[in-house]
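Examining the three-dimensional arrangement
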Amino acid sequence: MATMTDRKHEDVLRPLGIEARNLGGFAGEWMGSGKVQPVISPVDGEELATVVNVTKDEFDAILGRCHEAWKSWRLVPAPKRGEVVKDLGNELREHKEALGRLVSLEMGKCLREGLGEVQEMIDICDFAVGLSRQLYGLTMPSERRRHRLQEQWHPLGVVGVITAFNFPVAVWSWNAALALVCGDTLLWKPSSKTPLTALAVTRIAQRVLARHGFDPAICSLSIGRGSDIGDLINTDPRVALVSYTGSVPGGRHVGKLVQERFGRLILELGGNNAVIVSDKGDLDIALRAIYFGAIGTSGQRCTSTRRVIVHTSVYEAFVAQLTALYAKTTLGDPLDPANLMGPLVDQEAVKTMLAAIETAKEQGGKVVCGGEKVDLPGGCYVTPCLMEANSEMPIVAEETFAPVLYLIRYRTLEEAIAIQNGVPQGLSSAIITNDQAESELFLSVEGSDCGIANVNTGTSGAEIGGAFGGEKETGGGRESGSDAWKAYMRRQTNALNFSGGIELAQGITLDI
Ligand code: UN1
């Protein structure tokens, strides 16, 4: 086993407090005595560290402490909670480079994207600081004389945050920054593929909370498998809200368990995002937007571009140019700035991608380029694949979490929109056009049915200021900006009578 001094990636791991062996549970103190899990980097196949998962009993203790911590955290004035989040943002600024590197190393995305992910954490902290003074309720005119009607927002409780490997730290922060100013506490279960980044972030939060004199159990951590720790979160009534990011089947499972006990739920599930390239659009914009959307994070974003629906009159020219761009993809170590694409998250993901390509071929798809395994250390590298396809192919309606981009032709915009909407998922979508009527139709009620619909920019890279999430099988949840904070609080409507008498609503009289 690697020791502290001869570990290969010591320079990345050490500054963030990652030891050779780490305990996977935290609620004011560190604990863990369950299964020991090795963490392998997809970058080079090296073991980065081991994590000791939490047991059921430890989970129970962690949740108990996190729930206890909520009882006092909810009493702290929201702007004071905002000050803690401000400091969390500053600490993340300080560790941006280190954390960005660890994200790259642990899950394989390019460093520039790893840094972008940490930037999203910083941005949502800034957003939440302002929000801590804006948790507004409305007042409404009462139908009764000398009555006032109002609503107010109260902290909800423990928020269970179950995150995916592809945004191992940002997803936590979109939930955490809002939940913290809303007066909730957090119990984080990261993907078993990416526990180290979660450990690093929890250590940062622990320091910040302690510095402000608050119980560090406010940001608790519980590393373990979805089937045990995840399900304990889903079924325990002490968890007021479960925010789950992951696959559609995973969301279906979580949804049933949480709904069964009438817990609150935010689901961020799969996407099958399309870009419509109009003959009235700028091909250069289309190429850049689509290229980044398809190969960014090696096609493993929920928002990755998976389908391009191109007007038949520009199809040949567009495909030729996109193919030329794909040929320029530099593939390899994601920490090397020369590389545009890193590995997939693990060898299983490579198998899934190659199998999907075979299935697509059987269904009539034609590979234009890529889709091959590349012999690099770790065995997780593939070339990004462009494939001519049609919307009747069943696999085109599925989310393959890999860089496979389906190219589809269209003749009328109505047809393109029908193709775009003709999949079970509804996360992100875009149109490339300079025609106002086209973009308006795309954004109208007859247009995209997705939670995100963009014009002249791609499907991925959403800013934190907007609410993030999607419709249909994407699950309907919203995180991040706009008024997504409301999901992290409970709304209370108040009728206040200062008339000195009693008057019933709806004009009802009682002769007693
Ligand atoms: C995800 O893939 O789970 O819009 C989220 C984007 C990022 C978030 C992706 N801001 O691509």
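Since we're looking at a predicted model, the values are computed, not measured. (Residues numbered from 1 in each chain as written. Predicted model: local features only at pLDDT ≥ 70, side-chain atom pairs only at ≥ 80, totals over all residues. Heavy atoms only, no water.)

1. Things to note about the sheet that holds strand β5 (residues 47–52)
Across the sheet, which stays open at both edges, the 3 strands sit in the order β1-β5-β4 with mixed pairing between neighbours. The sheet is open, and its two borders are formed by β1 (21–23) and β4 (36–40), each paired with just one other strand. When strand polarity is set aside, the average angle formed by the axes of neighbouring strands in this sheet is 30°. The pairing of β4 with β5 spans 5 bridges and is classified as antiparallel. When the sheet's bridge partners are listed, V39 is paired in β5 with A49. On top of the sheet, helix α7 (residues 195–211) reaches β1, β4 and β5; it is set at about 70° to β5, its chief contact. (Pairing = 2+ DSSP bridges. Helix = DSSP H or I, 4+ residues; strand = E, 2+ residues; numbered from the N terminus. Axes fitted to C-alpha atoms, helices over the stretch in contact; angles between N-to-C directions. Contact = heavy atoms within 4.5 Å.)

2. Comments concerning the pattern of salt bridges
Counting across every chain of the model gives 27 salt bridges. A salt bridge links D126 to R93; its shortest N-O distance comes to 2.8 Å. With D126 in helix α5 (residues 111–131) and R93 in helix α3 (residues 78–94), the pair connects residues that are 33 residues apart, well separated along the chain. A relative accessible area of 38% means that R93 is categorised as partly exposed. Between R301 and E113 there is a salt bridge, with the nearest N and O atoms lying 2.9 Å from each other. Of the two residues, R301 is situated in the loop between α10 (283–295) and β14 (305–311) and E113 in helix α5; the sequence distance between them amounts to 188 residues. A residue is classified by how much of its surface remains accessible, and R301, at 8% relative accessible area, is buried. Among the charged side chains, a salt-bridge network with shared partners connects D87, E91, R207 and R211. (Salt bridge = Lys/Arg side-chain N within 4 Å of Asp/Glu carboxyl O. Buried < 20%, exposed > 50% of the residue type's maximum accessible area, 1.4 Å probe, protein only.)

3. As for the site of the ligand
The local shell around the ligand consists of E120, N166, F167, W174, R301, C302, T303, S460, G461, A462 and F468. In the environment of the ligand, an oxygen atom lies 2.6 Å from a nitrogen or oxygen atom belonging to the backbone of C302. Compared with its free state, where it exposes 320 Å², the ligand has 99% of that area covered by protein. For the shell around the ligand, the class distribution of residues is 5 nonpolar, 4 polar and 2 charged. Of the domains in this structure, domain 1 (10–269 + 475–491) and domain 2 (273–467) are the two that each give at least three residues to the shell around the ligand. (Near = heavy atom within 4 Å. Polar contact = N/O pair within 3.5 Å; in protein donor to acceptor, adjacent residues only side chain to side chain. Areas by Shrake-Rupley, 256 points an atom, 1.4 Å probe, with all protein chains shown as cover. Nonpolar A, V, L, I, M, F, W, Y, C, P; charged D, E, K, R; others polar. Domains from an automatic or database assignment.)

4. A short note on the side chain of S104
Looking at the secondary structure, you find S104 in helix α4 (residues 96–107). A distance of 3.4 Å separates the side chain of S104 from the backbone nitrogen of L111, its partner in a polar contact. Each residue touching S104, except ones within four places of it in the same chain, is listed here: V43, K109, C110, L111, G114, P334 and L335.

5. Some thoughts on the sheet that holds β14
Here we have 7 strands laid out as an open sheet, ordered β15-β18-β19-β14-β13-β21-β22, and mixed in their pairing. The open sheet has two free edges, formed respectively by β15 (366–369) and β22 (452–455), since each of these has just one partner strand. Pairwise comparison of adjacent strand axes, ignoring direction, gives a mean angle of 25° for this sheet. Contacts from helix α11 (residues 312–327) reach β13 (273–277), β14, β15, β18 (385–388) and β19 (404–410) within the one sheet, and its direction differs from that of β19 by about 165°. Running over the sheet, helix α13 (residues 413–421) touches β13, β14, β19 and β21 (428–432) and is turned about 150° from β19.

6. Here we look at the packing of aromatic side chains
Inspection of every chain in the model, using the stated rule, returns 8 aromatic pairs. When the centroid spacing of 6.1 Å and the interplanar angle of 35° are considered together, the rings of F167 and W174 count as tilted. The exposure class assigned to W174 is buried, which follows from its relative accessible area of 6%. Feature note: the residues F167, W174 and F468 constitute an aromatic cluster, connected by ring pairs. We note R203 situated over the ring of W30; from NZ or CZ to the ring centre the distance is 4.7 Å. Across from the ring centre of Y315, 4.0 Å away, lies the NZ or CZ of R409, which sits over that ring. (Phe/Tyr/Trp six-rings, centres within 6.5 Å; stacked < 30°, edge-to-face > 60°. Lys NZ or Arg CZ within 6 Å of the ring centre and 35° of its normal.)

7. Describing unusual backbone geometry
Non-glycine residue K472 carries a positive phi angle of around 50°. Mapping K472 onto the fold places it in strand β24 (residues 471–472). Positive phi, normally seen in glycine, also occurs at S482, with a value near 50°. Topologically, S482 is positioned in the loop between β25 (479–480) and β26 (489–497).

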